[in-house]
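A closer look at the structure
The primary structure of each chain is shown beneath.
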Amino acid sequence: QPPPYPASKLLNMSCRQLLFSAIFTATVITADKPNIIVLFADDLGFGDLSVYGHPTSTSPNLDKMAKEGLVFTQFYSASPVCSPSRAALLTGRYQSRSGIWPGVFGAASTGGLPHNETTSAEALKEAGYATGMVGKWHLGVGKNQTYLPTNHGFDYYMVKSLVTVKPTTGCCIV
């Protein structure tokens, strides 16, 4: 059954939380290619944003992006948790085929997305795009930072630092 809202007014989002956990961008180097922006969020439901017709939630910037861009209305996440779902999105493969299953990479994890996996960022770079990743990576850091986004086809990345709060002082260690 088709969605109750016109496709031109919908923005494709996958998970269920209003806080965006990652934004993958590919910027045009030549004028004959479109810009590509993928918003990937944890715990965000289909009807949670105004672009999907939510009566009280407002998301004017997403509404504007949806109105001015190409919009997809169906998406299935390969996993209900972040690391495997991100691996599947970036590689186009089931997360278990890339070894990112069943859990999540934490701060102490030594592994990460294997380097033999081709990511969409790598494919876009070959097609002449500049690429970037902003937000939650969650695909490993590794020894000597071997699994960071710049080692998987992204030209740059910006992620929030892992912060530990000392309970006795309330001071942070970054």
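Use the structure listed above.
Here the structure is a predicted model, which means the values were calculated and not measured. (Residues numbered from 1 in each chain as written. Predicted model: local features only at pLDDT ≥ 70, side-chain atom pairs only at ≥ 80, totals over all residues. Heavy atoms only, no water.)

Another point: the overall build of the chain. Summing up its helical and strand segments, the chain has 3 helices and 6 strands in all. Helices and strands in the chain line up, N terminus first, as β-β-α-α-α-β-β-β-β. By the burial criterion, 33% of the 174 residues in the chain qualify as buried. When contacts within the chain are restricted to residue pairs at least 6 apart in sequence, those whose partners lie at least 24 apart make up 60%. (Helix = DSSP H or I, 4+ residues; strand = E, 2+ residues; numbered from the N terminus. Buried < 20%, exposed > 50% of the residue type's maximum accessible area, 1.4 Å probe, protein only. Contact = heavy atoms within 4.5 Å.)

Okay, the packing of aromatic side chains next. As enumerated under the stated definition, the model contains 1 aromatic pair in all. With centroids separated by 6.1 Å and ring planes inclined at 85°, the aromatic side chains of Trp 137 and Phe 154 adopt a geometry described as edge-to-face. Of this pair, Trp 137 sits in the loop between strand E3 (129-135) and strand E4 (156-158) while Phe 154 sits in the loop between E3 and E4, and the two are 17 residues apart along the sequence. Classification of Trp 137 by relative accessible area gives buried; the value is 6%. (Phe/Tyr/Trp six-rings, centres within 6.5 Å; stacked < 30°, edge-to-face > 60°.)

Counting buried residues in helix H2 (residues 82-91) gives 9 out of 10 residues, a clear majority hidden from the surface. Of the residues making up H2, those classed as buried are Cys 82, Ser 83, Pro 84, Ser 85, Arg 86, Ala 87, Ala 88, Leu 90 and Thr 91. At the exit of H2 stands Gly 92, carrying a positive phi of roughly 75°.

Bringing unusual backbone geometry into the picture now. For the peptide bond that leads from Trp 101 to Pro 102, omega is 5°, which places it in the cis range. Inspection of the secondary structure puts Pro 102 in the loop between H2 and helix H3 (120-126). Positive phi values are uncommon outside glycine, yet His 138 reaches one of about 55°. Here His 138 is to be found in the loop between E3 and E4. A residue is classified by how much of its surface remains accessible, and His 138, at 27% relative accessible area, is partly exposed. Even without a glycine there, the phi angle at Gln 145 is positive, about 55°. Relative to the helices and strands, Gln 145 is located in the loop between E3 and E4. Residue classification places Gln 145 among the partly exposed residues on the basis of a relative accessible area of 49%.

The residue Lys 125 is located in helix H3 in this model. For Lys 125 and Phe 154, which are 29 residues apart along the polypeptide, the C-alpha to C-alpha distance reads 8.2 Å. For Lys 125, the side chain forms a polar contact with the side chain of Asp 155, separated by 2.8 Å. (Polar contact = N/O pair within 3.5 Å; in protein donor to acceptor, adjacent residues only side chain to side chain.)

Such coordinate-based values are descriptive only and should not be taken to indicate function.
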